[in-house]
Amino acid sequence: LDGELAMQSGDLRAKSVTGPVRIVTRSKDIHLEDLAGEVRIEDSNGMIEVHANRLPLESMEISNRRGEIQVTLPAKAAFELQASARRGDIDSEFDGIKVESEHNESRASGTVGAGGPKLHISNDGGSIEIRKSSMAAKPTPPTPPAPHAPPAPPARLRAD
């Protein structure tokens, strides 16, 4: 973990995290800031708040029961969204996302920008918000090169 992680009884917070990230928990509010890489989160009885500020995005799977979900993405992000909320609403600030509500269930789907990674978000007993980040998107830093082996010592010739 390059960033920070703090966990208390009802709260999990992480900052400057590069995935893949997988979190499976119950009864915790989850707050992830400055997130990059693939994300999978399963929670119940808590709120999920994800701020993915780096481009390009990677796939996300977020599911929750009895709690809110808020995902904040760079305004220039490209992705495909599939979201559903039973007994909750869906709100998106991105053009290209179509939201339909019927019989206590909301669904949202669409392609933003040129498309890209798939974002699957589901909630049972809470709402979903998809927000645009007010910050400029940070590019994901390149992967550092693999460490090189130290150079071999010079060969010694021995003359007898």
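Please read these numbers as outputs of a predicted model, since none were measured by experiment. (Residues numbered from 1 in each chain as written. Predicted model: local features only at pLDDT ≥ 70, side-chain atom pairs only at ≥ 80, totals over all residues. Heavy atoms only, no water.)

Draft legend 1. Here's a closer look at the nonpolar core. In this structure, Leu73 and Phe79 are the most contacted members of the largest nonpolar core, which totals 33 residues. Counting residues per element, this core draws most heavily on strand S10 (residues 79–86), at 4 residues. For leucine 73, the contacting residues outside a window of four places in its chain are Ala52, Leu57, Met60, Phe79, Phe94, Leu119, Ile130, Arg131, Lys132 and Ser133. (Core = buried A, V, L, I, M, F, W, Y, C linked by side-chain atoms within 4.5 Å. Buried < 20%, exposed > 50% of the residue type's maximum accessible area, 1.4 Å probe, protein only. Helix = DSSP H or I, 4+ residues; strand = E, 2+ residues; numbered from the N terminus. Contact = heavy atoms within 4.5 Å.)

Draft legend 2. Main features of the pairing of strand S6 (residues 48–51). Alternating residues of S6 divide into Ile48 and Val50 and Glu49 and His51, and every residue in both groups is buried. In this sheet, S6 lies alongside strand S4 (residues 29–36) in parallel orientation, the contact comprising 3 bridges. The residue bridging histidine 31 from the neighbouring strand is glutamate 49, located in S6. Bridge count for S6 against strand S9 (residues 69–73) is 4 bridges, and the pairing is parallel. Bridge assignment links histidine 51 to a residue of S9, and that residue is threonine 72. (Pairing = 2+ DSSP bridges.)

Draft legend 3. Region of interest: the environment of alanine 6. Topologically, alanine 6 is positioned in strand S1 (residues 4–8). Relative accessible area serves as the criterion here: at 41%, alanine 6 is assigned to the partly exposed category. For the pair alanine 6 and histidine 31, spaced 25 residues apart in sequence, the C-alpha to C-alpha distance is 9.9 Å. In this structure alanine 6 touches Asp11, Leu12 and Arg13, once residues within four positions along its chain are discounted.

Draft legend 4. Representation of the packing of aromatic side chains within the structure. One pass over the full model with this rule turns up 1 aromatic pair. Taken together, a centroid distance of 5.2 Å and an interplanar angle of 85 degrees make the contact between phenylalanine 79 and phenylalanine 94 edge-to-face. With a gap of 15 residues between them, phenylalanine 79 in strand S10 and phenylalanine 94 in the loop between strand S11 (90–92) and strand S12 (97–102) connect regions that are remote in the sequence. Residue class for phenylalanine 79 comes out buried when judged on its relative accessible area of 0%. Over the ring of phenylalanine 94 we find lysine 132, and its NZ or CZ is 5.6 Å from the ring centre. (Phe/Tyr/Trp six-rings, centres within 6.5 Å; stacked < 30°, edge-to-face > 60°. Lys NZ or Arg CZ within 6 Å of the ring centre and 35° of its normal.)

Draft legend 5. The sheet that holds strand S13 (residues 105–112), seen in detail. What the 7 strands build is an open sheet, ordered S3-S5-S8-S14-S10-S13-S12; its pairing is mixed. The open sheet has two edge strands, strand S3 (21–24) and S12, and neither has a second partner. The sheet shows a mean angle of 5 degrees between the axes of neighbouring strands, direction not considered. In this structure, S10 lies alongside S13, joined through 8 bridges in antiparallel fashion. Of the residues in S13, the one forming a bridge with phenylalanine 79 is valine 112. (Axes fitted to C-alpha atoms, helices over the stretch in contact; angles between N-to-C directions.)

Draft legend 6. Structural view of the pattern of salt bridges. A full pass over the atoms with the stated rule returns 12 salt bridges. The salt bridge involving arginine 54 is made with aspartate 34; its shortest N-O contact spans 3.2 Å. Taken together, the residues arginine 54 in strand S7 (residues 54–55) and aspartate 34 in strand S4 connect sequence positions 20 residues apart. Accessibility expressed as a relative area gives 8% for arginine 54, which makes it buried. Since its relative accessible area comes to 9%, aspartate 34 is described here as buried. (Salt bridge = Lys/Arg side-chain N within 4 Å of Asp/Glu carboxyl O.)

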